[in-house]
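Listed here are the chains, written in short residue letters.
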Amino acid sequence: MTVTNTKPDDIIARIGDFNRTQATGLNVLIFLAVREQTTVTYQYEEIGYDDIPQQIVNLCDRLDDDDLLDLAGRITLALIAEENSAALDEENAQSLAAQAIGAQSQLNSLSDY
């Protein structure tokens, strides 16, 4: 593996538009490369995640194992944050919907006046 001045931040900046599937796939490639002591390119060719740009894979191969794991950790945290944000949005939407429905179902009767 060739180590250069490439940093995890350089790759994070380039994968900002990755969808959940691409980000998860890149993590799989990274973890397999570290575990099998191969390159991310080797895993990419072996598995064939064509939705991940070759340029990103090449950049990953410029990182040492510690930086690769750092990158994978950051991707994982972003995926978790995205999932938590989506869950909070859904929970808030359900709460607001329940409040709106609850407010409508509490009609005043004439005897309340």
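Residues numbered from 1 in each chain as written. Predicted model: local features only at pLDDT ≥ 70, side-chain atom pairs only at ≥ 80, totals over all residues. Heavy atoms only, no water.

A. Representation of the overall build of the chain. Scanning the chain from terminus to terminus reveals 5 helices and 0 strands. The order of α-helices and β-strands along the chain, N terminus first, is α-α-α-α-α. Expressed as a percentage of contacts within the chain between residues at least 6 apart in sequence, the contacts between residues at least 24 apart total 66%. As displayed, the chain has an accessible area near 7600 Å², and 51% of this comes from carbon and sulfur atoms. (Helix = DSSP H or I, 4+ residues; strand = E, 2+ residues; numbered from the N terminus. Contact = heavy atoms within 4.5 Å. Areas by Shrake-Rupley, 256 points an atom, 1.4 Å probe, with all protein chains shown as cover.)

B. Structural view of unusual backbone geometry. Here Gln37, not a glycine, exhibits a phi torsion of approximately 55 degrees, which is positive. Tracing the chain through its elements places Gln37 in the loop between α2 (20-36) and α3 (40-47). Owing to a relative accessible area of 72%, Gln37 belongs among the exposed residues under this scheme. (Buried < 20%, exposed > 50% of the residue type's maximum accessible area, 1.4 Å probe, protein only.)

C. Highlighting the nonpolar core. Among the nonpolar cores identified, the biggest contains 22 residues, and Ile11, Leu26, Ile30, Val40, Cys60 and Ile75 are the most heavily contacted of them. Taken together, the elements giving at least two residues each to this core come down to α2, α3, α4 (54-60) and α5 (65-105). Looking at this core, the element that brings in the most residues is α2, giving 6 residues. With residues up to four places along the chain from it excluded, the contact list for Ile30 reads Val40, Cys60, Leu68, Leu71, Ala72 and Ile75. (Core = buried A, V, L, I, M, F, W, Y, C linked by side-chain atoms within 4.5 Å.)

D. Structural view of the pattern of salt bridges. If you walk through the whole model with that rule in mind, you get 4 salt bridges. Between Arg74 and Asp70 there is a salt bridge, with its nearest N and O atoms 3.3 Å apart. Taken as a pair, Arg74 and Asp70 lie in helix α5 at a separation of 4 residues, close to a single helical turn. Judged by its relative accessible area of 32%, Arg74 falls in the partly exposed class. (Salt bridge = Lys/Arg side-chain N within 4 Å of Asp/Glu carboxyl O.)

E. Highlighting α2. Look at α2: 24 Å from first C-alpha to last across 17 residues, which is about the 24 Å you get at 1.5 Å a residue. Buried within α2 are the following residues: Gln22, Ala23, Gly25, Leu26, Asn27, Leu29, Ile30, Ala33 and Val34. One or two positions beyond α2, positive phi appears at Gln37, with a value near 55 degrees. (Expected span 1.5 Å × (residues − 1).)

Limitation: the analysis is restricted to geometry and does not speak to function.
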